Amino acid sequence: VTPAPNQAPAPPPATLTVDARGLRCPLPVIRLAQAAGGRAAGTVIALWATDPAARADVPAWCRMRGHDLLDVTELDVTVNGDDEVVHTAYTVRLGEPAR
Amino acid sequence: VANHPGERAVLDAASTPMHPVARDTLMAAVDAGWADPRRLYAEGRTARRLLDQAVEVLAAGLRVRPSELSFAPSGPAAVRLAVDGALHAGRRRGSRLVATAVEHSAVLAPGRHRAAQGGDDRLFAEVPVDGTGRVDLDAFAEAVGVTGTTAAAVQHANGEVGTVQPLARAHDLCRATGIPLVVDAQASLGRVDSPGSYDVLAGDAQSWGGPGGVGVLAVPERTRWSLPGPAGEPGLGRSGHTPWVPLALAAAEAWQQAEATRSEEERQARALVDLVRAAAATVPDVEVVGHPTDRLPHIVTFSALYVDGEALVHEFDRRGFAIASGSACTASTLEPSHVLAAMGALTHGNVRLTLPLASVSPRRDADVERFCAALPEVVLDVRAQLGAEHL
């Protein structure tokens, strides 16, 4: 999996990446919450999702849980050398207390 | 919470069972008013008289003259015609439309389509709303001030979250720049006082317990409004659409029934919605959506974190409740509600109630109480199905 060149300023490097591509709502947010569980404030997590509902639900989850949504970027990635997959990458920095 | 087999609680009156008296009127009018009201023979003249009566009732209800009222094949069709007529009449000025981001798709979809066809983003401006769903009036003022703006569309109140828009101020801003304000009142007509701040008004008889297939338009004489294409037949209002007379008559009967009990109905519905809001707020990670006070009396919606909206609809259905949802996969689309998204609200795990009129649904109080009792358990069960109860 190779990310395509990205014109926007790069978000901070993520400590971990959650791949929720192909999952429908509310699963991307649940996967993100599971990954956030027990991690320290300041941890940066990247979420990859294709579900259109994540566009609204990731920011809403950050608001409800006190996390910061640092970046939302459309990415084209090439899988196994040919298939192009369009997805959205969300970069989240966990706030206090990370649940 | 016990199952009540066969006892259905309809809490989604966006498409409503008819008022029983209006239903009787419809049945009688099928026999008495079937004819084409434009025909000159006795049956046609009878249909004409019945249609005129319906127009008189509905025009009085919307506080316009009978000549200013017309019909459309549905509420969404009325909204679309309302916008089309305002844009067409103002075509020398331009073709730019300004609308709030929470308008009905009957405004948003054609607006986006026109901009795409014209290859010009500026032909359609969507004005943002705040977290309660109210339009940002500063952004609205800026948008209607752009050269070439021809019309603006602001709903009276939102049909998904109930929030009422500041129409008087939006209308002032439109008047200051000389553009007409189209108001979509599909969610509110007959439930609260009809709005007075508009240049073109569109509604749907289903909001007051009338039949489907009856859209209404109020276009005051002062408004510059005309549809493209050949002129309609005279005497049928400015839309040129002649409704099926029995439907128009049933819509008028339902209006009179709703109007007779409106203030008490409004008070009761508001109290029931307050019960639902309170019950929803007791469940962990459930957000009640919409303005807390400046809202329609009969619409309430909430979203539950980590809950599948489709599963919620099915679980409530299994327990006897007909409820709607703005979550993706709960309607004809895979996209979640644009209204919830524009408000920054959670779109998954969404439940929306549109209370029927008490006169349409006599067991409404008990239905809502039963719903409130079932709500926490259903939300927690559906959340647990995804293993998300401790996140």
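Residues numbered from 1 in each chain as written. Chains lettered and ligands numbered in written order. Predicted model: local features only at pLDDT ≥ 70, side-chain atom pairs only at ≥ 80, totals over all residues. Heavy atoms only, no water.

Trainee: Talk me through a negative patch on the surface; I want residue IDs and the actual numbers.
Mentor: Where like charges cluster on the molecular surface, the negative patch consists of B:Asp130, B:Asp136, B:Asp138 and B:Glu142. Within the element layout of this structure, B:Asp138 appears in helix α5 (residues 137-144). (Patch = residues over 30% accessible without salt bridge, like charges linked within 9 Å, V, L, I, M, F, W, Y side chains within 5 Å. Areas by Shrake-Rupley, 256 points an atom, 1.4 Å probe, with all protein chains shown as cover. Salt bridge = Lys/Arg side-chain N within 4 Å of Asp/Glu carboxyl O. Lys, Arg positive; Asp, Glu negative; His and termini not counted. Charge placed at Lys NZ, Arg CZ, Asp CG, Glu CD. Helix = DSSP H or I, 4+ residues; strand = E, 2+ residues; numbered from the N terminus.)

Trainee: Summarise the nonpolar core; cite the residues concerned and give the values.
Mentor: Residues and elements named next belong to chain B. Among the nonpolar cores identified, the biggest contains 52 residues, and Leu-62, Phe-71, Phe-140 and Trp-208 are the most heavily contacted of them. Here the element with the most residues in this core is helix α7 (residues 245-260); it accounts for 10 residues. With residues near it in sequence (within four places) discarded, Phe-71 still touches Leu-51, Val-55, Leu-58, Val-214, Gly-215, Val-216, Leu-217, Ser-239, His-241, Pro-243 and Ala-248. Formed by 30 residues, the second largest nonpolar core is a distinct cluster that contains Ala-311, Cys-372, Ala-374 and Val-378. (Core = buried A, V, L, I, M, F, W, Y, C linked by side-chain atoms within 4.5 Å. Buried < 20%, exposed > 50% of the residue type's maximum accessible area, 1.4 Å probe, protein only. Contact = heavy atoms within 4.5 Å.)

Trainee: Go over the sheet that holds strand β7 (residues 200-204) of chain B with me, naming the residues and quoting the values.
Mentor: All names here are of chain B. As summarised here, the arrangement of the seven strands in space is β2-β8-β7-β6-β5-β3-β4, forming an open sheet in which the pairing is mixed. Across the chains shown, the open sheet's two edge strands, defined by having one partner strand only, are β2 (69-72) and β4 (124-127). This sheet shows a mean twist of 20 degrees between the axes of neighbouring strands, independent of strand direction. Pairing between strand β3 (residues 96-100) and β4: four bridges, direction parallel. Among the inter-strand pairings, Thr-100 is bridged to a residue of β4, identified as Val-127. Seen against the sheet, helix α6 (residues 167-177) touches β5 (149-155) and β6 (181-184) and runs at an angle of roughly 155 degrees to β6. (Pairing = 2+ DSSP bridges. Axes fitted to C-alpha atoms, helices over the stretch in contact; angles between N-to-C directions.)

Trainee: Which residues make up the environment of B:Pro376, and what are the values?
Mentor: Residue and element names in this part refer to chain B. One can find Pro-376 in helix α11 (residues 364-385). Classification of Pro-376 by relative accessible area gives partly exposed; the value is 25%. Distance in space between the C-alpha atoms of Pro-376 and Val-313 is 14 Å, their sequence separation being 63 residues.

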